[in-house]
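# A look at the structure
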Amino acid sequence: MNEPILSIKNAVKRYGPVNALDGVNLDVAEGEFLTLLGPSGSGKTTLLSAIAGFIALDEGQLALRSADITGKPPEHRDFGMVFQGYALFPTMTVRENVGFPLKIRKRSASEIEKRVNEALEMVQMSAFADRMPSQLSGGQQQRIALARAMSFDPQILLLDEPLSALDKKLRADLQWELKDLHQKLGVTFIYVTHDQDEALSMSDRIVILKDGAIQQEGDPNTLYDQPRNRFVADFLGKSNFLEAAVVAGSGASFQCETKGAAFTLDTQTPCREGETITLALRPERLRLGLPGEEFVPGTVKQVSYLGERCQVLVTREGGDEFLVSRPTWKTDITPTPGLQVSIGWDADAPVVLAPA
Amino acid sequence: MHVSAFKIFFQTGAWLVIAFLVLPILVVLPISFTDTSYIGLPKEGLSLQHYANYFTDPDWLNATWTSVWVGLVVATCASVLGTAFAIGCWFLSDRAAMVARWILITPILVPPVVQSLGFYRFWVKLGLIDTHVGVILAHTLLALPYVSISVFAALSNLDRNLPRAARSLGASVMQTVWAVVVPAARPGIATGFIFAFIVSFDEIVGVLFITVRNVQTLPKMIWEGIQDNIDPTIAAVATLLIVLTLIATAIGVLRRT
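This write-up is about the structure you can find in this document. Keep in mind the model is a prediction, meaning the values are calculated, not measured. (Residues numbered from 1 in each chain as written. Chains lettered and ligands numbered in written order. Predicted model: local features only at pLDDT ≥ 70, side-chain atom pairs only at ≥ 80, totals over all residues. Heavy atoms only, no water.)

### Looking at the interface of chain A and chain B
As a measure of interface size, the accessible area lost when the parts come together is often cited. The partner chain B presents 19 residues to the 23 residues of chain A that form the contact. Here chain A packs against chain B, burying approximately 1,700 Å² in sum over the two surfaces, 66% of which is carbon and sulfur. Contact with chain B buries area across many residues of chain A, yet Phe54(A), Glu75(A) and Ile104(A) alone supply 30% of it, more than any other trio. Here chain A is connected to chain B by 1 salt bridge. Among the ionic pairs, Glu75(A) bridges to Arg167(B), the shortest N-O distance being 2.6 Å. Our count for the chain A to chain B interface comes out at 2 residue pairs in polar contact (both at pLDDT 80 or more). The set of elements that each furnish at least two residues to the side of chain A that touches chain B consists of β6 (79–82), α2 (94–104) and α4 (138–150) of chain A. Considering every element that reaches the side of chain A that touches chain B, the biggest residue donor is α2(A), with 3 residues. Classifying every residue of the side of chain A that touches chain B gives 17 nonpolar, 3 polar and 3 charged. (Contact = heavy atoms within 4.5 Å. Buried area = accessible area lost by both parts, 1.4 Å probe. Salt bridge = Lys/Arg side-chain N within 4 Å of Asp/Glu carboxyl O. Polar contact = N/O pair within 3.5 Å; in protein donor to acceptor, adjacent residues only side chain to side chain. Helix = DSSP H or I, 4+ residues; strand = E, 2+ residues; numbered from the N terminus. Nonpolar A, V, L, I, M, F, W, Y, C, P; charged D, E, K, R; others polar.)

Quick look at the structure:
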C-alpha cells in the first residue's frame with residue numbers, strides 16, 4: 001500500500017466504564033471505498049465521529065497524509081460528511097446548501113455558481129436548485145447532501161449510514177449511484193453502515209467492528225469466504241456452525257468426524273490430530289440429498305421460499321440445525337417438513353474458525 | 001320545531017360566558033365618548049373631547065411614549081439574551097441545560113407581587129429605584145422566559161446533526177450559529193419579541209413597586225387616573241388600545257390565511 005491518506009493509531013474512546021473504541025489501528029488508502037461495518041454499539045459511528053473531529057479521542061493519533069490532525073477542529077479537517085438524516089440547512093435553498101462550504105471558504109460568486117451547478121449536475125438534481133429542502137423527497141435530499149459534501153473537493157468523504165432512512169428500492173438505486181460516483185471522482189470514501197448487503201455490494205474493503213475493536217478487515221470476497229471468527233461468519237451473511245473432531249491427516253487435508261458422520265476437510269488452517277475445531281458452513285455450500293446420498297442424515301423442519309432461492313431448515317439427530325440455501329430451479333428433491341434427507345458439502349467448503 | 005331544554009340551557013350558558021368575557025371590555029367604549037367630565041355614560045350626546053385630551057395632554061403622550069420605548073428596549077434585550085440562552089441549551093441538551101431552563105422560567109411561576117418585592121429590595125441597594133434602567137432590567141427579567149420558550153419551540157424539531165454538518169463543511173462554531181441555527185430560530189425570536197414587548201407594555205405591579213415620579217408608564221398612569229381623578233380619558237386610552245389590538249390581530253390572522 002502506498003502512503004495511506006488517513007492513518008488511525010491505537011484509537012481509544014471511553015464512555016464511563018465502556019470502551020466505545022478499544023485500540024483501533026487502521027490505515028485508509030487514497031481513493032479507497034472503505035466500509036466500517038458492525039451492529040449498533042460496535043463503535044463504528046464513534047470511529048467516524050472521531051475521524052470527522054466531533055469527538056476527541058482519549059488515546060491514540062489520527063494522521064492525514066502523515067500530518068497529525070488528532071486535535072484539529074472539524075472545520076479545518078476538510079472532510080465532507082453525509083448524515084443519515086440528511087442534515088440539510090432548512091432555511092436555505094438547495095443552491096445555498098450546496099454553495100455553503102464554498103461561501104464559508106470565501107470563494108468568488110462566479111466560482112460558487114459554477115461549482116454548485118457542477119455538483120448538482122453530478123447528482124442529477126440541477127432542476128431542483130431553487131427548491132427548499134422540505135420540498136424534496138428523502139432520496140432527493142440525500143442527493144443534495146452528497147452534492148454539498150462534495151462541492152468543495154474534500155480530502156475524504158465520510159458517510160454515516162446515508163441510505164438507512166430510505167426505502168429498499170431507492171436504497172438499491174443509490175448504492176449503484178454511490179459506487180459510480182466513487183469511481184468517477186476517485187475521492188476516498190469512508191462509509192459506516194450496519195447493513196451487510198450495502199457493505200458487500202459497494203466496498204473495496206470492509207472493516208468489521210464489534211465492541212470497539214476490529215474483528216477482521218479485507219475485501220468483501222475474502223471476508224465472506226474466509227471469516228476469521230464466529231462473529232464475522234455470523235454477521236456477514238449466514239453461517240452454519242459445526243463442532244468436529246480431527247481424526248487424522250496432515251498438511252492441508254484432514255479426516256474429520258461429527259457425531260458419527262465422517263468427512264474430508266481441505267483447509268490451509270493448520271489443525272492437529274485429536275483437536276476439536278469449529279467450522280463455519282455457508283448455507284449455499286450445503287447439498288441436499290435423499291437419505292444415504294450424503295453423509296449427514298436429517299429431517300426437514302421448515303421450508304422458506306424466497307423467489308430465486310429456497311431455504312430449508314434441516315434438523316439432525318441430536319438437535320443440530322442446518323440452514324440449506326438452494327436454487328429454486330433444482331427439482332430433484334421437493335423439501336417438505338418431515339421429509340427424511342441427508343446433507344453434504346465439498347471438502348473445501350468449511351472454514352475453520354479461530355477459537356473464541 | 002321542537003328545541004330541547006337541554007339545548008336552550010347550554011346555548012344560554014354559552015352566550016352568558018361570552019358576555020362575561022367581553023362586556024367589561026366593551027363598557028369602556030360608551031364611556032370613552034361621554035360628554036361628562038367624570039367616568040360615566042354619555043348624558044346629552046356623544047363627544048370626542050377625551051380623545052382630544054389624550055392626544056394633546058403631554059402627560060398622557062409622554063407616558064405612552066415611555067411605555068413604547070421601554071417595551072422596545074425590553075423586547076430587544078430579552079430577545080437577544082433569551083435567544084442566546086435557548087441556542088446554548090439546544091447545543092448542550094443535557095441535564096444541566098434542563099435545570100437551566102427550569103430556573104429561567106421561574107419568573108412565570110413566582111407571583112408578581114413577590115417578585116416585585118424582590119426587585120424593590122434589590123433595586124434600592126443598586127440605586128435603580130425610579131429609573132428607566134431599573135424598569136428595563138426588571139421587565140427584561142420578566143420577559144426572558146417568553147422569548148426563550150418560543151425559541152426552544154422553534155428549535156425543538158431542528159436536526160441535531162446540523163451543527164456537525166455545518167462544521168464538517170468548514171464553518172466555525174460562531175459561523176454555524178449565525179448561518180444555520182439563528183435563521184432556523186427566527187420565527188421563535190419574532191414571536192418572543194412580540195410577547196416580550198406586550199409583557200413590558202402591560203406590566204404594572206413591578207412598576208408600582210420600583211418607580212415613584214420619574215418614570216411614568218401608560219399602565220401606571222391609567223391606574224393612578226382611576227385612583228384620584230376619575231378622568232374619562234382613561235376610557236379613551238383603553239378604547240384606543242383595544243382597537244389597536246384588534247387591528248394587529250386581524251392583520252396576523254389575514255397574513256396567515
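### Some words on the layout of surface pockets
Considering only enclosed or pocket space, the largest pocket measures out at about 1,400 Å³ in volume. Along the walls of the largest pocket sit 33 residues, with Ile198(B), Leu241(B), Leu244(B), Thr245(B) and Ala248(B) positioned nearest its centre. Breaking the lining of the largest pocket down by element, the ones donating at least two residues are α1 (5–26), α4 (58–92), α10 (173–202), α12 (218–228) and α13 (233–256) of chain B. At 15 residues, the largest contribution of residues to the lining of the largest pocket is made by α13(B). Class assignment for the residues of the lining of the largest pocket results in 25 nonpolar, 5 polar and 3 charged. The computed volume of the second largest pocket comes to approximately 570 Å³. What lines the second largest pocket is a set of 19 residues, among which Gln196(A), Asp197(A), Leu200(A), Gly237(A) and Glu308(A) lie closest to the centre. Looking at the lining of the second largest pocket, the elements that each hand over two or more residues are α5 (168–185), α6 (196–202) and β17 (309–315) of chain A. The residue inventory of the lining of the second largest pocket, partitioned by class, reads 5 nonpolar, 6 polar and 8 charged. A domain-level breakdown of the lining of the second largest pocket finds at least three residues from each of domain 1 (6–235) and domain 2 (240–352) of chain A. (1 Å grid on protein atoms, 1.4 Å probe; cavity = no way out; pocket = protein on both sides within 12 Å on 5 of 7 lines; lining within 4 Å. Points joined across faces, edges and corners; volume = space filled by probe spheres on them. Domains from an automatic or database assignment.)

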